[in-house]
Amino acid sequence: MKLYWGPHTCAIGIHILLEEIGAPYETEQLDVAGGATHRPPFSGLNPKGKVPTLVRDDGTVLTEFAAIATWLARMNPAKALLPTDHDLEARAVETIAYIEGTIHGQGYARIFNPKAFEPQDVVHQTIGLGSGSVSAQGRKMVEEGFAILDPQLGHHAFAVADTFTIADAALFYAERWAPQHDIILPVNIQRHYEMMLDRPAIRKVRQLWGEA
Ligand SMILES: N[C@@H](CCC(=O)N[C@@H](CS)C(=O)NCC(=O)O)C(=O)O
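Bear in mind that the values here come from a model prediction, so they are computed numbers and not experimental data. (Residues numbered from 1 in each chain as written. Predicted model: local features only at pLDDT ≥ 70, side-chain atom pairs only at ≥ 80, totals over all residues. Heavy atoms only, no water.)

To continue, consider the overall build of the protein. Summing up its helical and strand segments, the protein has 9 helices and 4 strands in all. Reading the helices (α) and strands (β) of the protein from amino to carboxyl end gives β-α-β-α-β-β-α-α-α-α-α-α-α. Taken over the C-alpha trace, the protein has a radius of gyration of 18 Å; the compact-globule value for 212 residues is 17 Å, and the two agree within 12%. For the protein, the spread of C-alpha atoms along the three principal axes comes to 55 × 45 × 35 Å. Relative to its 212 residues, the protein shows a buried fraction of 42%. (Helix = DSSP H or I, 4+ residues; strand = E, 2+ residues; numbered from the N terminus. Rg over C-alpha atoms; globule rule 2.2 N^0.38 Å. Buried < 20%, exposed > 50% of the residue type's maximum accessible area, 1.4 Å probe, protein only.)

Shown next as structure tokens:
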């Protein structure tokens, strides 16, 4: 297996899962900020131009955090990274979908790349967004997203259960961006973030990524 990743990206969540599993894997670092994911040879591998991207041992390519995480969990059932209980499994999928789609895809995306969201015409520039810039709007979305997830972290130590699951890997990648943008995490999410920072697999990956 080979994971394609880039500094500061959500691919860290998949790298953490690979470490939690403990099976052999390779990685390749890309200059994501410099646009390497949109150029050959990577663009031939994943035309979406995104990391995480996983090339499996049979040569097939898997994209999208949720799909890669689910596949890794199902291929390594002994690691219990995705609950077999149907309700808890649904909660894990629900949490990952919200992190990927709303907190990351809507909120952080506006902070990271406001130009992609800037209205193009005068009408929208004057009345479309109300007060505040696109990045301020993104920040509000991220804060609201964490506030919505916070209560579930009050019910158990990890994101959806009393053990680490793929939802924790997703939550960690989103939490990790917060201090970089002066976003204050709500109390239960902050506790979770600190707990994640102490986890051996996460310590190791952060060292490999030059973050610790
Ligand atoms: N929906 C994708 C989103 C992945 C994504 O947005 N990756 C970012 C890094 S966090 C990326 O590769 N961006 C490069 C670009 O858009 O140029 C997933 O869940 O895997």
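Moving on: the sheet that holds strand 4 (residues 61–63). A sheet is described by the order of its strands in space; here 4 strands give the open sequence 2-1-3-4, paired in mixed fashion. Two strands in the sheet have a free side with no partner beyond their single neighbour: strand 2 (26–29) and strand 4. The mean angle between the axes of side-by-side strands here comes to 20 degrees, regardless of whether they run parallel or antiparallel. Examined bridge by bridge, strand 1 (residues 2–5) and strand 3 (residues 53–55) share 3 bridges and lie antiparallel to one another. (Pairing = 2+ DSSP bridges. Axes fitted to C-alpha atoms, helices over the stretch in contact; angles between N-to-C directions.)

Right, let's get into the environment of Ala66. Tracing the backbone shows Ala66 in helix 3 (residues 65–75). C-alpha separation for the pair Ala66 and Ile14, spaced 52 residues apart in sequence, amounts to 9.4 Å. Setting aside anything within four residues of it in sequence, one finds Ala66 in contact with Ile96 and Glu100. (Contact = heavy atoms within 4.5 Å.)

We now examine helix 6 (residues 134–155). Across its 22 residues, helix 6 extends 34 Å between first and last C-alpha, which sits within 8% of the 32 Å expected from 1.5 Å per residue. Approximately 30 degrees is the largest bend angle found in helix 6, and it occurs at Leu149, with the proline Pro151 only one to four residues beyond. Residues of helix 6 that are buried: Val134, Gly138, Val142, Gly145, Phe146, Leu149, Asp150 and Leu153. In this structure, the buried residues of helix 6 make contact with helix 4 (86–112), helix 7 (166–177) and helix 8 (187–197). (Expected span 1.5 Å × (residues − 1). Bend = angle between axes of the 7 residues up to and from the residue.)

Before going further, it helps to examine the packing of aromatic side chains. Enumeration over the complete set of coordinates arrives at 8 aromatic pairs. In this structure an aromatic cluster arises from ring pairing among Phe65, Tyr108, Phe112, Tyr173 and Trp177. Across the ring face of Trp71, the terminal group of Arg56 is positioned such that the distance to the ring centre comes to 4.8 Å. (Phe/Tyr/Trp six-rings, centres within 6.5 Å; stacked < 30°, edge-to-face > 60°. Lys NZ or Arg CZ within 6 Å of the ring centre and 35° of its normal.)

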